[in-house]
Amino acid sequence: MKYPFDCITDLVFVEEEEIVPSDVILVPGGSHVKPMEMASELYHAGIAPYIIPSGGLNSKIEITEWEHLKRIGISLGVPDSAILREDQARNTFDNARNSWQVINERQLSVKNAVIVCKSFFARRALMTYQTVFPPNVSFRVKPDESRISRTNWYYSEAGISAVLNEAEKITKYFGHHIPNWVKQNEMV
């Protein structure tokens with residue numbers, strides 16, 4: 001280890017893997033532009049036929065996160081028909097649950113999915129979607145490292161605060177899921 005806090009970096013950030021053809025691109029809600037720009041690039045590269053941006057009303061942008069993200073995708077040439085609607089989510093678990101509901105309503109077969117999100121939010125997003133989606137769905141994460149990344153978070157108070165906040169959320173959100181995951185794994 002280079003730093004005593006490398007274990008925090010490994011907890012919060014997800015190592016980027018090669019993005020492979022998938023069934024859907026998931027963009028958990030937010031007001032940042034970059035994740036939807038990245039999702040649009042993946043769409044145009046033929047990675048998946050659909051993008052599901054997710055998110056309800058956000059007072060920062062005064063519209064739903066879904067509408068905000070959809071506008072970005074449309075401006076980048078993603079067809080309206082490829083951007084599936086989920087505009088009710090209020091938190092990350094809602095993002096995942098509601099996106100899975102959209103997939104089921106559309107009767108889409110999803111075995112592989114790409115999650116595009118802020119880099120320091122990647123672990124929590126991944127674990128949330130893994131908790132909600134069936135265990136046979138495989139995920140890849142495409143993190144937006146344009147602001148805070150695994151190699152720079154510790155150089156600013158904002159980065160330190162964001163990453164430590166995520167580490168705390170990961171432990172709070174998922175501690176009670178561990179016994180269920182153990183049971184599921186032992187049944188396989």
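Numbering of residues begins from 1 in every chain and follows the order in which that chain's sequence is written. Reporting of local features is limited, given that this is a predicted model, to residues whose pLDDT is at least 70; pairs of side-chain atoms are given and counted only at 80 or more, and all residues count toward the totals for whole chains, interfaces and linings. Each side-chain value is derived from all of the structure's non-hydrogen atoms; neither hydrogens nor water enter the calculation.

What follows covers the overall build of the chain. A run of H or I in DSSP counts as a helix once it spans at least four residues, and a run of E counts as a strand once it spans at least two, with each numbered from the N terminus. Across its full length, the chain holds 7 helices and 6 strands. Along the chain, helices (α) and strands (β) appear in the sequence α-β-α-β-β-β-α-α-β-α-β-α-α when read from the amino end. The C-alpha atoms of the chain give a radius of gyration of 16 Å, which matches the 16 Å a tight globule of 188 residues would have. Along the three orthogonal principal directions, the C-alpha set of the chain runs to about 50 × 45 × 30 Å. In this scheme, a residue with accessible area under 20% of its type's maximum is buried, one over 50% is exposed, and one in between is partly exposed, where area comes from a 1.4 Å probe on protein chains only. A burial count over the chain gives 48% of its 188 residues as buried. The contact criterion used is simple: two residues touch if any of their non-hydrogen atoms lie within 4.5 Å. For the chain, the proportion of contacts with a sequence separation of at least 24, taken over those separated by at least 6, is 77%. Where accessible areas are quoted, they stem from the Shrake-Rupley method and a 1.4 Å probe; at the residue level, only the protein chains shown are allowed to cover. Roughly 9900 Å² of accessible area belongs to the chain as shown, and the carbon and sulfur atoms make up 51% of that amount. Charge assignment: positive for Lys and Arg, negative for Asp and Glu; neither His nor the chain ends contribute. Each charge is placed at NZ for Lys, CZ for Arg, CG for Asp and CD for Glu. Charge-centre separation for the chain: the mean point of 20 positive side chains lies 3 Å from the mean point of 23 negative side chains. The atom set for the radius of gyration is the C-alpha atoms, and the globule formula is 2.2 Å times the number of residues raised to the power 0.38.

To continue, consider unusual backbone geometry. Phi angles above zero are rare outside glycine, and Glu62 is one such case at about 65°. Residue placement: Glu62 occurs in the loop between strand E3 (57-58) and strand E4 (63-64). Residue Glu62 is classed as exposed on the basis of its relative accessible area of 67%. One non-glycine residue with positive phi stands out, namely Gln107, at about 55°.

This paragraph deals with the pairing of strand E5 (residues 112-118). Most of E5 sits out of view: 5 of its 7 residues are buried. Sheet topology note: the strand E1 (residues 24-27)/E5 ladder contains 3 bridges and is parallel. Among the inter-strand pairings, Val24 is bridged to a residue of E5, identified as Ala113. By the convention used here, strands pair only if DSSP detects at least 2 bridges between them. As paired elements, E5 and strand E6 (residues 138-144) share 7 bridges and run parallel to each other. Residue pairing across strands places Ile115 opposite Val141, the latter belonging to E6. Orienting the strands away from the viewer, one traces the path from the first strand over the helix to the second; a clockwise path indicates a right-handed crossover. Assessed by its sense of winding, the connection that carries the chain from E5 through helix H5 (residues 122-132) to E6 is right-handed.

Our next topic: the nonpolar core. The term nonpolar core refers to a set of buried residues drawn from Ala, Val, Leu, Ile, Met, Phe, Trp, Tyr and Cys, joined through side-chain atoms within 4.5 Å. Membership of the largest hydrophobic core comes to 23 residues, with the highest contact counts inside it found for Leu26, Ile103, Val110, Ile115, Phe133 and Phe139. Counting residues per element, the ones that place at least two in this core are E1, helix H4 (92-105), E5, H5 and E6. Here Phe133 is in contact with Leu26, Ala96, Ser99, Trp100, Ile103 and Phe139, once residues within four sequence places are set aside. Val27, Met38, Ile47 and Trp66 belong to the second largest nonpolar core, which has 19 residues in total.

Any aromatic ring pair is given by two values, namely how distant the centres are and how the planes are angled relative to each other. Aromatic contacts are taken between Phe, Tyr and Trp rings whose centres are within 6.5 Å, Trp giving its six-membered ring; a plane angle under 30 degrees counts as stacked, one over 60 as edge-to-face, and the others as tilted. Enumeration according to the criterion identifies 14 aromatic pairs in this entry. Judged by centre distance (4.7 Å) and plane angle (10°), the rings of Tyr3 and Phe5 are stacked. According to the relative accessible area criterion, Tyr3 is partly exposed, its value standing at 25%. Between Phe93 and Phe174 the ring centres are 5.9 Å apart and the planes differ by 45°, which places this aromatic pair in the tilted class. Taken as a pair, Phe93 in helix H4 and Phe174 in helix H6 (residues 157-174) lie far apart in primary sequence, 81 residues in all.

Now for the sheet that holds E5. Across the sheet, which stays open at both edges, the 4 strands sit in the order E2-E1-E5-E6 with parallel pairing between neighbours. Of all the strands in the sheet, just strand E2 (51-53) and E6 have a single pairing partner and so form its edges. Taking each pair of neighbouring strands and ignoring which way they run, the sheet shows an average axis angle of 20°. One ladder, built from 3 bridges, connects E1 with E2; its direction is parallel. Only the stretch in contact is used when fitting a helix axis, every axis being a line fitted to C-alpha atoms; angles between N-to-C directions are given from 0 to 180 degrees.

Here the focus is the environment of Lys142. Its location among the elements puts Lys142 in strand E6. On the basis of relative accessible area, Lys142 is assigned to the partly exposed category, the value being 23%. Separated by 39 residues in sequence, Lys142 and Trp181 have C-alpha atoms that sit 24 Å apart. Here Lys142 is in contact with Glu16, Ile19, Met38, Leu42, Val114, Ile115, Val116 and Cys117, once residues within four sequence places are set aside.

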